[in-house]
Structures are given as structure tokens and as C-alpha cells.
Amino acid sequence: MTGATLVTGALAAHEAGVTPATIRKWVQLGHLGPAGRQGRAHVFRLEDVFAAERAARRKAPGAR
């Protein structure tokens, strides 16, 4: 099994093109789960972040 790329919430937000508040909201709503912690900060797998971003775009009003 290959190692997943783990990133902080701020970097996850940057990669997905959203704000850090959006990442926190996705976690709160259960759309994205942290893969662990790095100190006090949650870390996320990039593939999970991208999956949550795709799901959010599908559910967004006016999304194609």
C-alpha cells in the first residue's frame, strides 16, 4: 500500500480552491474526515479533500 499525502487544513483549502473555513465546515457536516493530527491541527488525505470538493460542487445550486 502506498502512503497517502497528508496536508493541513490550510493547504487542503488551497489545493481545493476553497477557504479554510470551508474545510472546517465539510468536517463539521461529515463530508470530510481528518486522517489524523499533526500537533493540534488536523491533517487530511488529499484524495479525501478532492472527493469532498467534487461532492460539494455536485450539490451546489446551479452546479453543472
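Computed from a predicted structure; not experimentally measured. (Residues numbered from 1 in each chain as written. Predicted model: local features only at pLDDT ≥ 70, side-chain atom pairs only at ≥ 80, totals over all residues. Heavy atoms only, no water.)

(A) View of helix 1 (residues 9-16). Among all positions of helix 1, only Gly9, Ala12, Ala13 and Ala16 are buried. Along the axis of helix 1, the buried positions cluster into a sector of 100°, meaning they face one direction only. Of the residues in helix 1, the exposed ones pointing more than 90 degrees away from the buried face are Ala10 and His14. Residues of helix 1 that are buried sit in contact with strand 1 (6-8), helix 2 (20-29), strand 3 (41-45) and helix 3 (46-59). Where helix 1 terminates, the next one or two residues include Gly17, which has phi positive at roughly 75°. (Buried < 20%, exposed > 50% of the residue type's maximum accessible area, 1.4 Å probe, protein only. Helix = DSSP H or I, 4+ residues; strand = E, 2+ residues; numbered from the N terminus. Arc of directions from axis to C-beta. Contact = heavy atoms within 4.5 Å.)

(B) Examining the pattern of salt bridges more closely. Here the structure, examined in full by the defined rule, presents 3 salt bridges. With a shortest N-O distance of 3.6 Å, Glu47 and Arg45 are connected by a salt bridge. Accessibility expressed as a relative area gives 39% for Glu47, which makes it partly exposed. With relative accessibility at 30%, the residue Arg45 sits in the partly exposed group. Residue Glu53 is joined to Arg57 by a salt bridge in which the shortest nitrogen-to-oxygen separation is 2.1 Å. Within this pair, Glu53 and its partner Arg57 are both found in helix 3, separated by 4 residues, close to a single helical turn. What makes Glu53 buried here is its relative accessible area of 13%. The structure contains a network of salt bridges with shared partners spanning Arg45, Glu47 and Asp48. (Salt bridge = Lys/Arg side-chain N within 4 Å of Asp/Glu carboxyl O.)

(C) Examining the pairing of strand 3 more closely. Examined bridge by bridge, strand 1 and strand 3 share 3 bridges and lie antiparallel to one another. Residue pairing in the sheet places Thr8 in a bridge with Val43 of strand 3. Direction of pairing for strand 2 (residues 36-38) relative to strand 3: antiparallel, over a ladder of 3 bridges. Of the residues in strand 3, the one forming a bridge with Gln38 is Ala41. (Pairing = 2+ DSSP bridges.)

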